[in-house]
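So the chains spell out like this:
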Amino acid sequence: MKRFLGICMAVLLLAGCAVQEDSAAADEPYWEENKFDVEIYTGKFDGTYEERHLGNQTGEYGRELAMERAAGDMAYLLAVDGGFVPMPDLYIDGDIPYAPLESLETMGITAEYVRNEHHGYHMLLRRGEDTLRLTYLYRAEKDGKELETAFQLLKDGYGETYIPICFVAEQFGGTARFVKDFKKEICNDEKEYGLRVGMVVVEMQAEEQAVLTFEEGLAEAQKASLEEFNRMEEIRKKTGKVFWRYDPMAVHYTGENLGRYYVYELERFEDLPIFVNRYTGEIYGVQPEWQGILSIKKRFPNIRRVLS
């Protein structure tokens, strides 16, 4: 189940070159709330893909993280509270996504193994005053109330313990969504790829803070679309280059949400969805591929690249 190949890659790299510690530290990928940048590439080695995130200090995309492909040539991403978790090491059993215990840290959940006469050997999870007990069978206990599930609650493999992350998030008052094929479900892209991307989106943020309505998010997306259009107009005036004309205000809300992100589309560019953070108003967009499988960056989709 442990599919991260970074240690192996590091050995190969160190054999051929020296690595400066300061540079490596600056390059370190990390999770942060509302940090929704990610790039996915086909791997240099058979059966792998490469995952890239913004570096820890540089603000540039850091070193590539080599991951083994899951069954069906899948790459799986995990987003918690608007930010991607590097190297999530998810795996899917049926339609149930499982994640290693370390992923719980991003959700504000602690975990410890406990053994007692009533529950036997089990996992005790805590978030604030709430508790959740998971057994190796199909039984859980939430704040003292027993729950029955149709799936196994704890799985072990390669020295790791895995938990059904959507179930756990929901038991602690969060929301979770499993997108089986991001390109088809979110990007309206029916092309067949050698590597498909699945995504688990978890939201643990309380709703008390002020949020944008989807109408206000639409206004932000239209504003960014117009700015992108005007940049192309400036290029046209300076160089005489002709771009395919389109209506930059033809942005609409799809009715879809990815956690805290409203999902919008620009007419004629529906395969490049726009994500507006309902808490911050920040805009991310799927970027046109030229090398990778998936690229999401903190900017409006690069329409100029499509039309160039």
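Residues numbered from 1 in each chain as written. Predicted model: local features only at pLDDT ≥ 70, side-chain atom pairs only at ≥ 80, totals over all residues. Heavy atoms only, no water.

Remarks on the nonpolar core
Stage number 1. Ranked by size, the top nonpolar core spans 45 residues in total, and within it I40, F182, L258, F275, I296 and I303 carry the most contacts.
Stage number 2. It is strand 18 (residues 261–266) that provides the largest number of residues to this core, a total of 5 residues.
Stage number 3. In terms of nonpolar packing, the next biggest core, distinct from the first, is built from 33 residues, L78, I165, C166 and V200 among them. (Core = buried A, V, L, I, M, F, W, Y, C linked by side-chain atoms within 4.5 Å. Buried < 20%, exposed > 50% of the residue type's maximum accessible area, 1.4 Å probe, protein only. Helix = DSSP H or I, 4+ residues; strand = E, 2+ residues; numbered from the N terminus.)

Topic: the packing of aromatic side chains
Geometry of an aromatic ring pair is reported as the spacing of the ring centres plus the angle between the planes.
Stage number 1. Tallying each qualifying case throughout the model produces 17 aromatic pairs.
Stage number 2. Both rings, one in Y246 and one in F269, keep their centres 5.2 Å apart while their planes meet at 75°; by these two values the pair is edge-to-face. With a gap of 23 residues between them, Y246 in the loop between helix 5 (214–239) and strand 17 (251–258) and F269 in the loop between strand 18 and strand 19 (274–277) connect regions that are remote in the sequence.
Stage number 3. Centre to centre, the rings of Y253 and Y262 are 5.8 Å apart; their planes meet at 85°, and the pair counts as edge-to-face.
Stage number 4. We classify Y262 as buried; its relative accessible area is 10%.
Stage number 5. Site record: aromatic cluster; members linked through ring pairs are F36, F84, F182, Y261, F275 and Y284.
Stage number 6. Directly above the ring of Y30 sits K35, whose terminal nitrogen or CZ lies 4.2 Å from the centroid.
Stage number 7. Here the guanidinium or amino end of K155 rests over the ring plane of Y98, the centre of that ring lying 5.3 Å away. (Phe/Tyr/Trp six-rings, centres within 6.5 Å; stacked < 30°, edge-to-face > 60°. Lys NZ or Arg CZ within 6 Å of the ring centre and 35° of its normal.)

A few points about the sheet that holds strand 5 (residues 83–84)
Stage number 1. Reading across from one edge, 5-4-16-15 is the order of the 4 strands in this open sheet, with mixed pairing throughout. Since the sheet does not close on itself, it has two edges, and those belong to strand 5 and strand 15 (175–179), each with one partner.
Stage number 2. Both strand 4 (residues 74–80) and strand 5 contribute to a ladder of 2 bridges, which runs antiparallel. Each residue of the ladder has a partner; that of V80, found in strand 5, is G83. (Pairing = 2+ DSSP bridges.)

Considering unusual backbone geometry
Stage number 1. The phi torsion at M87 lies on the positive side, around 50°, for a residue other than glycine.
Stage number 2. Position of M87 relative to the elements: it lies in the loop between strand 5 and strand 6 (91–93).
Stage number 3. By relative accessible area, M87 is classed as partly exposed at 23%.
Stage number 4. With phi around 80°, R268 is a residue other than glycine that occupies positive phi space.
Stage number 5. For R268, a relative accessible area of 46% gives the class partly exposed.

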